[in-house]
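A look at the structure
Spelled out from the first residue to the last, the chains are:
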Amino acid sequence: MSEEQKTPEIRTPSIDAINPEEESISRDLAADFAHNLTTRDHGMDHKQRENSASVQKDWALLKNPKIHNERLEQIRQKKGYIIDMDGVIYHGTKLLPGAKELVDFLNKNNKKYLFLTNNSAPTPRELQQKLSRLGIEVTEDHFFTAGQATAYFLSSQSPNGGTCYVIGEPGLAYSLYDKGFFMNDHNPDYVILGEGPSYNYEKLSKAVQLVQQGAKLIATNLDVENLDSKGNKIPSCGAFTACVELVTRTKAFFCGKPSALIMRYAQRVLGLSRLETCIIGDRMDTDIVAGISSEIDPVLVLSGVTSMEELALFAYRPYLILGGVYEIPSDDKKHIISESDMEAASRRASYL
């Protein structure tokens with residue numbers, strides 16, 4: 001069997017198993033993980049990629065002991081964590097290695113955290129129930145969706161509420177109702193496009209007509225594709241938004257990642273400054289660029305869609321690269337945040 005055909009073995013050591021003599025094990029796991037991911041040729045041969053200074057710097061974030069350990073320690077010292085879900089915490093209905101340990105680490109050390117998703121379809125309660133089924137118990141206030149970010153934005157634009165025509169799922173409608181916005185398919189203030197399977201020709205035509213009549217076009221996010229439960233690509237909110245944009249010659253405003261707007265809202269919910277917060281995600285084009293554009297340290301995990309070889313395609317790089325969230329938990333008591341320190345951090349954030 002060739003090397004390409006072998007299924008990579010991903011070892012996930014427990015927290016107790018990691019000691020100073022084995023401090024490089026997580027880096028080796030991450031490197032093995034990255035090496036065994038399916039790679040594509042993007043016009044640069046293997047020799048060129050190896051010799052590229054940019055690629056060497058990317059790999060240093062993963063493999064160089066000094067850089068990796070120093071930056072990992074900086075991430076462990078953060079007071080707030082914004083965490084993507086799919087590809088970071090779980091794949092479909094499968095919990096990823098270290099996910100439960102990460103939540104235990106955050107709770108035990110009095111950290112603040114939010115699970116942030118570009119999916120506007122579910123409500124926070126539905127997301128809470130999903131994690132509960134996977135064995136992670138957290139409260140509803142630990143979730144924030146692109147639907148909620150959209151409602152926050154509209155509330156800032158129209159503090160007294162308004163009307164909107166929505167194509168999306170209950171999670172989006174619930175967030176809008178909560179901020180004083182009601183459904184109207186005749187003369188709404190906004191046309192709002194979200195995620196979900198409810199799109200059809202009639203609804204898209206209605207959205208086009210309403211935008212042409214003066215309604216403002218809003219999209220929860222601009223992801224053009226997603227994956228179904230079988231791993232097949234399916235059109236996402238950005239694809240349907242592009243259809244309305246092309247016909248109406250109007251540009252939609254979007255609120256989800258990679259917009260810095262959703263990151264600012266998440267910061268506000270956490271009550272912490274950007275310097276005391278990090279974002280953990282698996283996508284360079286949404287999670288990592290969202291962190292960079294909002295000046296929040298971005299951590300890339302290789303447990304999702306991005307491989308090491310693909311980093312050469314981007315003009316920016318994450319603060320740190322990990323094989324998965326299993327690298328973050330630590331038993332060192334120096335990571336505990338006292339109540340007084342957290343209160344002081346919240347006060348500092350209130351002035352920013």
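Every value quoted in this text rests on a predicted model; they were computed, and no experiment measured them. Think of each chain on its own: its residues are numbered from 1, step by step along the sequence as written. Local features in a predicted model are, by the rule used here, given only for residues with pLDDT of at least 70; side-chain atom pairs are given and counted only at 80 or more, and totals for whole chains, interfaces and linings are based on all residues. Where side-chain values are given, they derive from all heavy atoms of the structure, hydrogens and water being excluded.

1. Re the overall build of the chain
To keep it simple, the criterion reads: Helix numbering and strand numbering both begin at the N terminus, where a helix is a DSSP run of H or I of at least 4 residues and a strand a DSSP run of E of at least 2. Throughout, exposure labels follow a simple rule: accessible area from a 1.4 Å probe, protein chains only, divided by the maximum for the residue type, with under 20% read as buried, over 50% as exposed, and the rest as partly exposed. Contacts: residue pairs with any heavy atoms within 4.5 Å of one another.
Helices and strands together make up the secondary structure of the chain, namely 13 helices and 15 strands. Counting every position in the chain, which comprises 352 residues, the buried fraction comes to 49%. Considering only contacts in the chain between residues 6 or more positions apart, those separated by 24 or more positions represent 71%.

2. Some words on the sheet that holds strand 14 (residues 297-301)
Defined as follows: In this analysis, strands are considered paired if DSSP registers two or more bridges between them. Orientation is described by lines fitted to C-alpha atoms, with helices fitted over the stretch in contact, and by angles between N-to-C directions that extend from 0 to 180 degrees.
The strand order across the open sheet built from six strands is 5-4-1-13-14-15, with neighbouring strands paired in parallel fashion. Unpaired on one side and paired on the other, strand 5 (143-145) and strand 15 (320-322) mark the two borders of the sheet. Strand-to-strand twist of the sheet, defined as the mean angle between neighbouring strand axes without regard to direction, takes the value 25 degrees. Bridge count between strand 1 (residues 80-83) and strand 13 (residues 277-281): four bridges; the pairing is parallel. Bridging across to strand 13, Ile-82 finds its partner in Ile-279. Relative to the sheet, helix 4 (residues 65-76) contacts strand 1, strand 13, strand 14 and strand 15, its axis offset from that of strand 15 by approximately 95 degrees. Together, strand 1, strand 4 (112-117), strand 5 and strand 13 form the strand contacts of helix 11 (residues 260-270), whose direction differs from that of strand 4 by roughly 150 degrees.

3. A word on the environment of Leu-204
Looking at the secondary structure, you find Leu-204 in helix 9 (residues 201-212). With relative accessibility at 14%, the residue Leu-204 sits in the buried group. In sequence terms Leu-204 and Ile-167 are 37 residues apart; their C-alpha atoms lie 8.4 Å from each other. Excluding residues that lie within four positions of it along the chain, Leu-204 makes contacts with Ile-167, Tyr-199, Phe-240, Cys-243 and Val-244.

4. Quick word on the nonpolar core
For the record, the criterion: The term nonpolar core refers to a set of buried residues drawn from Ala, Val, Leu, Ile, Met, Phe, Trp, Tyr and Cys, joined through side-chain atoms within 4.5 Å.
Tyr-81, Ile-83, Ile-89, Phe-115, Leu-131 and Ile-280 are the most contacted members of the largest nonpolar core, which totals 29 residues. Once you skip the residues sitting within four places of it in the chain, Phe-115 turns out to touch Ile-83, Met-85, Ile-89, Val-103, Leu-131, Val-138, His-142, Phe-143 and Phe-144. Counting 26 residues, the second largest nonpolar core, distinct from the first, contains Leu-154, Cys-164, Val-166 and Ile-279.

5. A look at a nonpolar patch on the surface
Where we set the bar: Patches in this entry comprise residues that are over 30% relatively accessible and not in a salt bridge; like charges within 9 Å are linked, as are nonpolar side chains (Val, Leu, Ile, Met, Phe, Trp, Tyr) within 5 Å. Residue burial considers only the protein chains on display, and all accessible areas are found by Shrake-Rupley using a 1.4 Å probe. Take a side-chain nitrogen of Lys or Arg and a carboxyl oxygen of Asp or Glu: if they are within 4 Å of each other, that pair is a salt bridge.
Side chains of Tyr-177, Phe-182 and Met-183 sit close together on the surface and give an oily, nonpolar patch of about 300 Å² of accessible area. Counting through the fold element by element, Phe-182 comes out in strand 7 (residues 181-183).

6. Let's talk about the packing of aromatic side chains
As a reminder, the rule being used: Any two rings among Phe, Tyr and Trp, with Trp reduced to its six-membered ring, count as a pair given centres within 6.5 Å; such a pair is stacked if its planes are under 30 degrees apart, edge-to-face if over 60, and tilted if neither. Any Lys NZ or Arg CZ that is within 6 Å of a ring centre and within 35 degrees of that ring's normal is treated as a charge sitting over the ring.
A full pass over the atoms with the stated rule returns nine aromatic pairs. An aromatic cluster of three or more residues is present, and its members are Tyr-113, Phe-115 and Phe-143. Positioned above the aromatic ring of Tyr-152, the side-chain terminus of Lys-179 is 4.4 Å from the ring centre.

7. Digging into the environment of Lys-66
Rule in force here: Polar contacts, as used here, are pairs of N or O atoms within 3.5 Å; protein pairs need one atom able to donate a hydrogen and one able to accept it. Residues neighboring in sequence count only if both atoms are side-chain atoms.
For Lys-66, the position within the fold is in helix 4. A polar atom in the side chain of Lys-66 sits 2.9 Å from the side chain of Glu-70.

8. A closer look at the packing of helix 3 (residues 53-63) against helix 4
Quick note on the threshold: Note on angle classes: values under 35 degrees are labelled roughly parallel, values over 145 roughly antiparallel, values of 65 to 115 roughly perpendicular, and the remainder oblique. Working rule for handedness: look at the near helix, and if it is turned counterclockwise from the far one by less than a right angle, call the crossing left-handed; if clockwise, right-handed. Residues were grouped as follows: Ala, Val, Leu, Ile, Met, Phe, Trp, Tyr, Cys and Pro as nonpolar; Asp, Glu, Lys and Arg as charged; and all remaining residues, including Gly, as polar.
Packing of helix 3 against helix 4 leaves a shortest axis separation of 6 Å and a crossing angle of 60 degrees. Between helix 3 and helix 4, the crossing angle belongs to the class labelled oblique. Handedness of the helix 3/helix 4 crossing: right-handed. Every residue of helix 4 that contacts helix 3 at Ala-60, Leu-61, Leu-62 and Lys-63 is listed here: Pro-65, Ile-67, His-68 and Arg-71. A breakdown of the residues in the contact of helix 3 with helix 4 according to their chemical character gives five nonpolar, one polar and two charged.

9. Digging into the pairing of strand 9 (residues 216-219)
The sheet contact formed by strand 8 (residues 190-193) and strand 9 spans four bridges and is parallel. Residue pairing in the sheet places Tyr-190 in a bridge with Lys-216 of strand 9.

10. Observations concerning the packing of helix 9 against helix 10 (residues 237-248)
Put simply, helix 9 and helix 10 touch, their axes get as near as 10 Å, and they point 45 degrees apart. By the angle between their directions, the pair helix 9 and helix 10 is classed as oblique. Our pair here, helix 9 against helix 10, has a crossing hand that is right-handed. Of helix 10, the residues touching helix 9 (which contributes Leu-204, Ala-207, Val-208, Val-211 and Gln-212) are Phe-240, Cys-243, Val-244, Val-247 and Thr-248. Of the residues contributing to the contact of helix 9 with helix 10, the split by class is eight nonpolar, two polar and no charged.

11. Examining the pattern of salt bridges
According to the stated counting rule, one finds 16 salt bridges in the structure shown. Measuring nitrogen to oxygen at the nearest pair gives 2.9 Å for the salt bridge that ties Asp-297 to Lys-78. Of the two residues, Asp-297 is situated in strand 14 and Lys-78 in the loop between helix 4 and strand 1; the sequence distance between them amounts to 219 residues. Members of the salt-bridge network, linked through shared partners, are Glu-73, Arg-76, Asp-332 and Lys-334.

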